[in-house]
Structures are given as structure tokens and as C-alpha cells.
Amino acid sequence: MKRSVVATLGLAFAASAWAADAPSFETASPGFDYYVLALSWAPTFCASHPVDRAECAARRGFVAHGLWPQYAAGGGPEDCAAAGELDRRTIERAKAAIPDEKLIRHEWAAHGTCSGLAPHDYFLTLIRAVARLSIPAQFDGQAPHTMTASQIVAAFVRANPKLPSSSLALSCRWSQLEEVRVCLSRELDPRPCGSDVRTHCRAGPLTIGTMQ
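About the thresholds
- Numbering of residues starts from 1 in every chain and runs along the sequence as written.
- Only residues with pLDDT of at least 70 are given local features in this predicted model, and only at 80 or more are side-chain atom pairs given and counted; all residues enter the totals for whole chains, interfaces and linings.
- Excluded from the side-chain calculations are hydrogens and water; all other atoms, namely the structure's heavy atoms, are used.
- Pairing of aromatic rings covers Phe, Tyr and Trp, the last counted by its six-membered ring, and requires centre-to-centre distances within 6.5 Å; plane angles under 30 degrees mean stacked, over 60 mean edge-to-face, and any other angle means tilted.
- Exposed residues in this analysis have more than 50% of their type's maximum accessible area, buried residues have under 20%, and partly exposed residues fall in between, with area computed by a 1.4 Å probe over protein chains only.
- Secondary structure elements are taken from DSSP: a helix is a run of H or I of four residues or more, a strand is a run of E of two residues or more, and numbering for both begins at the N terminus.
- Contacts: residue pairs with any heavy atoms within 4.5 Å of one another.
- Confidence per residue, as judged by the predictor, is encoded in pLDDT with a range of 0 to 100.
- Whenever two N or O atoms come within 3.5 Å, that pair is a polar contact, provided that in protein one can donate a hydrogen and the other can accept it, and provided that, for residues adjacent in sequence, both atoms are side-chain atoms.

1. Regarding the packing of aromatic side chains
Each pair of aromatic rings is reported with the distance of its centres and the angle of its planes.
Here is step 1 of the chain: Within the structure shown, the criterion is met by 8 aromatic pairs.
Here is step 2 of the chain: Where F32 meets Y35, the ring centres are 5.1 Å apart and the plane angle is 50°; that geometry is what we call tilted. Comparing F32 with Y35 shows no difference in burial state: the two are buried.
Here is step 3 of the chain: Members of the aromatic cluster, each reached through a chain of ring pairs, are W41, F62, F139 and F156.

Listed below in C-alpha cells is the structure:
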């Protein structure tokens, strides 16, 4: 059984609300090669963002961290232009994916300004990228358990038959899963990650925790 990340993150309303304004990918800046979609495991994310714990408490599974332009040769551009102020409508829609307003502003300034997209279109692209994924049933957030890094990658591949393991990398905090990172083309199709986007987790079981 697999679960759409739209349901996990509560993105259905945001995606439909912005559907009529879908961005043209051809307008994106030519200064990068692909995206990394970073999905944070909510219990680990929320533990490090206590100011937003009330918002996080309603979340199970994953929350979006960001959508990062990357270079095929490694690394990626950051802080490409003056960020300016995000309008309240954009922030509220972006909260469907990212429950932390400070992080929304940071992601736009650090990464969105390098996408060649307007703020509205950048966060819509993030939401569209998230909505294409299916989350394995093991990540329903109902009860704590353990999985190895290779088991986590394999579960995502089974839930998303078009997603190869070369498009996935994990980040861990001590013995806990922190993030699943998905490498995508600028058209949001799976593609191999660059050489510097690799799994950073210890060997052995990792804790897939729940909100306390």
C-alpha cells in the first residue's frame, strides 16, 4: 500500500488553487541543471523547530524543506538576487508544504531566487514536485519503528516505480531519519543525483519516530 504525499502534506487544496497559474518551465533560469527536492521527516523537523510545534503537531509523515537548484558538477547557486518581501498570499499557500514561515522566507531567498521563477511560481513548482511522489505506507507516522537506509530507499522505489535509487539520497541526524532528498530534472522528472548528493546516515537501523 502506498500513500500520496499530497495527502500526507495536505497539499491538495494548494495545488488545485494554483493550477490555473502553473508556471512555464521554459522561463526558468538556465544557470542550473536540476533540482533537489528535500522532504524532512516531520518528527525530526518539528523537534528542531519548536516555535512551530503547534503547526507541526497536526503533521504526520513528511514536510517539505525546499526545492534547491543544483549543478550537475556539484553544489548549486544560492542567494542569486535580492529576495524582497513575500506577499501574504504566497506565504499562506507555501505553508501547505512548509509549516515554518521563517523557513519559507529563507528558502525563497537562498534557493528560489536562483530558480528564475517568481515567488508564486517557485512555491507552486515545489508543491507540484511533492505532489508527484507517493509515500510508502511505512511512513504513515502511526508508530515508531526502525529501518536501515537501504530499506528506506527501497521502499520509496517500490512506491514510485519510475523513481530509481540513483535519484534518492538520505540525511540523518544521529540515529534518526532527517530527510529524503529526491533529484529531479527541471521538468520535475526523476534523474540521477549529482556526485555530491549522497546518503549521509550511519550503518544499521535508523529510528522512524513519531511526534511526542
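2. Considering the environment of L37
Here is step 1 of the chain: Within the secondary structure, L37 sits in strand β2 (residues 34–41).
Here is step 2 of the chain: Along the sequence, L37 and A129 sit 92 residues apart, while their C-alpha atoms lie 7.4 Å from each other.
Here is step 3 of the chain: Residues in contact with L37, not counting those within four places in the same chain, are G66, L67, L126, A129, V130, L133, V180, R181, V182 and L184.

3. Quick look at the confidence of the model for the chain
Here is step 1 of the chain: When the pLDDT values of the chain are averaged, the result is 83; 78% of them are 70 or greater.
Here is step 2 of the chain: Across the chain, the element-wise mean pLDDT spans from 42 in helix α2 (residues 12–18) up to 97 in helix α8 (residues 149–159).
Here is step 3 of the chain: Throughout residues 6–20 the model reports pLDDT below 50, and contacts reaching past four residues in sequence, or to other chains, amount to 33 contacts.
Here is step 4 of the chain: For residues 22–29, every residue scores under 50 in pLDDT, and the model assigns this stretch 22 contacts once sequence neighbours within four places are set aside.

4. Re helix α6 (residues 101–110)
Here is step 1 of the chain: Within the span of α6, buried status applies to L103, I104, E107, W108 and A110.
Here is step 2 of the chain: In the core, the buried residues of α6 are packed alongside α3 (42–47), β3 (62–70), α5 (88–94) and α7 (119–131).
Here is step 3 of the chain: Capping the start of α6, D100 holds a side-chain oxygen 3.2 Å from the backbone nitrogen of K102, two or three residues further along.

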